[in-house]
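Breakdown of the fold
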Amino acid sequence: MLSLQHISKYYQVSGLKNYVLNDLSLEVDEGEFISIMGPSGSGKSTLLNVIGMLDDPSDGYHYFAGHAVHQLKEKQRSALYKQYIGFVFQAYHLIDELTVYENIETPLIYQDFKSSERKAMVADILDKFNIVGKKDLFPAQLSGGQQQLVGIARALIAKPKMLLADEPTGNLNSKQGEEIMELFRKLNREDKVTIIQVTHSEKNAEYGTRIINLLDGKIASSKKL
Amino acid sequence: MIKNYIKIAWRNLKRNKAYASISVIGLALGIACGILIFTLITYHLSFDTFHKDSDRIYRLYTEWHDDGIGKSNGVPQPLGKAFRNDFTIGEKTARVINFTGTLITITKGNDVKKFQEDNGVAFTEPEYFDILNFPLIKGDKKTVLVAPGEAIVTEKIAHKYFGNDNAIGKVFRLDNKVNFTITGILKDLPNNTDRRQEIYVSYGNMDEYTGNKRRENNWGGVYSGSEAFTKLKKGVTQAQIDATTAQLVKKHYVGRDLKVWFFKLQPLNDMHFNPELNGYADKKYLWALFFIGLFLIITACVNFVNLATAQALNRAKEVGVRKVLGSLPVHLFWQFIAETTLITLVALIVAIGLSYAALPAINHLFQSEMDFNIGELSVFVVLTSIAVIFLAGSYPGLVLARFRPIQALKSKLSQKDIGGFSLRRVLVVTQFTISQVLIIGTIIIISQLHYSQTADLGFNKDAIVMLPIPKNDKATLSTLKNRFTEIQGVEHVSYCFRAPASQSNNTTGVNFNHRAEDEHWSINTKTADENYLATFGLKLVAGRNFFPTDTTREFVVNESVARKLNMKPQDLIGKTLSINGKSTSAPIVGVVRDFYNYSFHSEISPICIMPNYNGYSTVAIKMNMRNAKATLASFEKVWNQTFPEEFYSYEFLDDSIKKFYELDNTLLTLIEAFAGIAIAIGCLGLYGLVSFMAVRKTKEIGVRKVLGASITAVLWVFGKEFAILLLIAFVIASPLAYWAMHNYLKDFQYRIPIGPAIFFESILFTFVVAAITVSYRSILAALANPVKSLRSE
Ligand SMILES: Nc1ncnc2c1ncn2[C@@H]1O[C@H](COP(=O)(O)OP(=O)(O)OP(=O)(O)O)[C@@H](O)[C@H]1O
Ligand SMILES: [Mg+2]
């Protein structure tokens, strides 16, 4: 489903190339559940952004669902993204001006769902995440953990085929974290959603079907479970 | 989707109330000025456009080519007739000769009513109403004014004179000389015409009225009230016109006059705009207004774009998230457009309210009766709004939509990334430039007017009352003078034609010292008695005043005469001066210091002052202002006893001199108002920008303060930037303003120099206003608690 070949990403810092991803190659099959681990600054978020087409690599080839992403135009990429991907951010990134309900609804608007359909879908997911009572609050009125839940709900609302999650449980307590991991596992097994998550927790990493260790922008080890 | 856009837009504005209100106020001010200026300009452009075939309607006018070129909207009285009878290019030609200051008496039984109309009474040939579209509502157009003794008046006049009675058939007496019977009523004049006469009488009574049959054949003089209008036949070429007017001159003039006299045709659509021919509004000033209006709208737009882009920086994260959630650049673009549309609409409503509130004031200022032309105005407003919306909305929309989501998301989009900062600098410089140009303009106009109103005119204009003299037989004049002199508080009494500076002038050719050839310049003759010099404080520089007499036996001239002759003043004494085609010759006995005989707009003319009781139409009284009220009352009493049939009126000389600068004063008020608004908009913009800067720099300021920076150091973070921008604006504005104002001052023969002080004042003023705005906002930022501002990141 996804293939990265010789991907590099560097920043020019005072004339020197500072590699964040260094000649990295990775194949992901449909239905996999991958956990990416590694020390802080090793390039995990960058890799996830590249996979999610939110950021461009400096070098290399990127294929996704049969398309050569590195050759696509912005608009086509955007369409591809809309069709396949849900993204959970490390820093939640909710829109401050919108309520919980509206934040979750937004992807549906952009994907041209009808108003009645949207209502049903949002109600459904609010229920699933147990945040019906918060639907009219603004992000600033929520705790960090609650914001993360909204972020995950928003990523899942449009039923993506691939879920990219950057430390989805970073701000949750261990019980909440476990629930989310259970949810991911269920999505992966029952709905065949391909998941790639970044995590610092060994325990959460074990929910995956493969664990990849990143070090200095390279894959240091890869282990199938 | 649209509902969603509007909802978000509305919520965003509610969250950023300061941003929204600054944008709305700035934009509303700009649009309101635009609406008013647009109305003003279209109003002036609409003057006399309602006549049928207006492109074929012309006024004949006179030019004299001698030392310089002189022009008059008047023509010799016989010209119109000759043009009509001897040539074929005119389809209809009419003479209309207007007299102002005329007295109208209406007698009904024993009841005598007296009226005086500012716009005068016009002796008019009936064709006038075939040329110009002033329809009759009563009376027969085919016959009115054809026979002598007829008059037509407007509805307004009819109502004023006769109330609700039918005015047709009623009689009025003009200047106690001629009776006229009203045979037609004109529809009231529209506001947008310069042909303001409301009383027309048969041309056939001219001779009877003036008591001078020679006028009808006098080709040698031009009275500015004597006009001739013509409607040319279709397809007449300029060559035909030129040939006709050339022949007119050839037929009626001889000798040197053949080279001096020219007659030309002025198109109808030029009449309102040609000040040389008595037009009201120089198109130059309309253009100036147009540009000021354009400037104001640009400033307001610039302001808005500026704030919108600055504000967009704070929206980077939102835009990033939206992109991640699948929004296309188009979506984002329209979202920003929705926001600017909302602001623009609110601003528009406020602007329309403001315009309605301000229109009466503008009308008062221009003494006009403009109204909003809803049709034209809505086109203007809609186009302006669309321009504003897209200018202000598309920039942030396009720029932010362009970024890769992760860049936008990191919210580390700096000013540099967005490119907006340098754009914003350009915009701020534009705004400052516009306000500086306006400020410099204001300072210069104020200085020039101040100069005009306080400068030494060369004569005394204070505490002088001018009264009309309707009859000038010797006996009446001498008793009247004695009675005035006896009144307490009267210092000098002088009979004259007009004051030293006046809009009414007589000019004639000169022969000096029996030279074979007449001089190539003409002289302005001031008829006045021997008290003229004392009353107006004119200073002799050579010789003496003339002796008291009733007829011209001696002349006093001004220094300009000496200058024109290239002689010293004292050398003129005893030489003979001949004027009015050598009909009047007398020695020069004195030379007075030059005085301004028009406004500062015009050059000082060569002038001769001479007594001649026939020419007196005014009495000038220099009085003591201490008991002004009683003294003025005595004047009225004495005057009314002397002229029981006439209409009393008086005017202080300094008031009538102020009228010379009416247009300048109007302009000044307007420019002051507009400069004020431009500065206000600019300050709003600055305030907004500093606010956004403050938000973006909150963390920097916090850190600096934790590290021990003083408040002044923090202020400098903001101040430095704006000081530089202001200087750049000044460098651009100065030459622009210099150029514009140099052109304005060119119209004044006597003017102030444009010195560096003016520019210095301007930049100082802008600097102070900008500094107050910037420091107010930055002090708020600097005083904020550092811990709080650090945590907010
Ligand atoms: N705009 C940038 N310019 C220069 N270097 C950058 C930039 N953005 C990221 N980096 C560098 O890229 C490296 C990888 O960043 P990344 O966010 O991918 O790390 P991470 O593995 O997700 O770390 P963490 O576990 O702390 O989230 C970091 O060392 C960071 O300094
Ligand atoms: Mg990370």
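Residues numbered from 1 in each chain as written. Chains lettered and ligands numbered in written order. Predicted model: local features only at pLDDT ≥ 70, side-chain atom pairs only at ≥ 80, totals over all residues. Heavy atoms only, no water.

**Thoughts on the overall build of chain B**
Assigned secondary structure in chain B consists of 26 helices and 24 strands. For chain B, the C-alpha atoms occupy an extent of roughly 100 × 60 × 55 Å along the three principal directions. Here chain B holds 793 residues, and the buried ones make up 52% of them. Restricting the contact set of chain B to residue pairs at least 6 apart, pairs at least 24 apart contribute 80%. Accessible area of chain B: about 35,500 Å², with a carbon and sulfur share of 58%. Taken as two groups, the 86 positive and 67 negative side-chain charges of chain B have centres that lie 12 Å from each other. (Helix = DSSP H or I, 4+ residues; strand = E, 2+ residues; numbered from the N terminus. Buried < 20%, exposed > 50% of the residue type's maximum accessible area, 1.4 Å probe, protein only. Contact = heavy atoms within 4.5 Å. Areas by Shrake-Rupley, 256 points an atom, 1.4 Å probe, with all protein chains shown as cover. Lys, Arg positive; Asp, Glu negative; His and termini not counted. Charge placed at Lys NZ, Arg CZ, Asp CG, Glu CD.)

**Some remarks on the overall build of chain A**
The secondary structure content of chain A amounts to 7 helices and 10 strands. For chain A, the C-alpha radius of gyration of 17 Å lies close to 17 Å, the compact-globule estimate for 225 residues. The buried share of chain A, reckoned over its 225 residues, is 53%. Relative to all contacts within chain A whose residues are 6 or more apart in sequence, the contacts with residues 24 or more apart total 68%. Of the accessible surface of chain A, which amounts to about 10,400 Å², a share of 47% is contributed by carbon and sulfur atoms. Counting 26 positive and 28 negative side-chain charges, chain A places the centres of these two groups 2 Å from one another. (Rg over C-alpha atoms; globule rule 2.2 N^0.38 Å.)

**A few points about the packing of helix α2 (residues 17-45) of chain B against helix α11 (residues 329-366) of chain B**
All names here are of chain B. Packing of α2 against α11 leaves a shortest axis separation of 7 Å and a crossing angle of 40°. What the angle tells us is that α2 and α11 run oblique. Here α2 runs over α11; the crossing is right-handed. The class makeup of the residues in the contact of α2 with α11 is 22 nonpolar, 3 polar and no charged. (Axes fitted to C-alpha atoms, helices over the stretch in contact; angles between N-to-C directions. Parallel < 35°, antiparallel > 145°, perpendicular 65-115°, else oblique. Left-handed = near helix turned anticlockwise from the far one by under 90°. Nonpolar A, V, L, I, M, F, W, Y, C, P; charged D, E, K, R; others polar.)

**Points about the interface of chain A and chain B**
Every contact between the two is made by 30 residues of chain A and, on the other side, 24 residues of chain B. For the pair chain A and chain B, the two sides together bury roughly 2,500 Å², of which 57% comes from carbon and sulfur. At the junction of chain A and chain B, the tally comes to 2 salt bridges. Where A:Glu102 meets B:Arg11, a salt bridge forms, and the shortest distance between an N and an O atom there is 2.4 Å. Viewed at the interface, chain B and chain A are joined by 3 residue pairs in polar contact (both at pLDDT 80 or more). Every element with two or more residues in the side of chain A that touches chain B is listed here: α2 (74-84) and α3 (100-110) of chain A. (Buried area = accessible area lost by both parts, 1.4 Å probe. Salt bridge = Lys/Arg side-chain N within 4 Å of Asp/Glu carboxyl O. Polar contact = N/O pair within 3.5 Å; in protein donor to acceptor, adjacent residues only side chain to side chain.)

**Some details on the sheet that holds strand β15 (residues 490-496) of chain B**
Residue and element names in this part refer to chain B. If you walk across this open sheet you meet the 4 strands as β15-β23-β14-β24, and the pairing is antiparallel. With one partner strand each, in any of the chains shown, β15 and β24 (651-652) form the two edges of the open sheet. Across the face of the sheet, helix α16 (residues 474-486) comes into contact with β14 (464-468), β15 and β23 (618-623) while running at roughly 160° to β15. (Pairing = 2+ DSSP bridges.)

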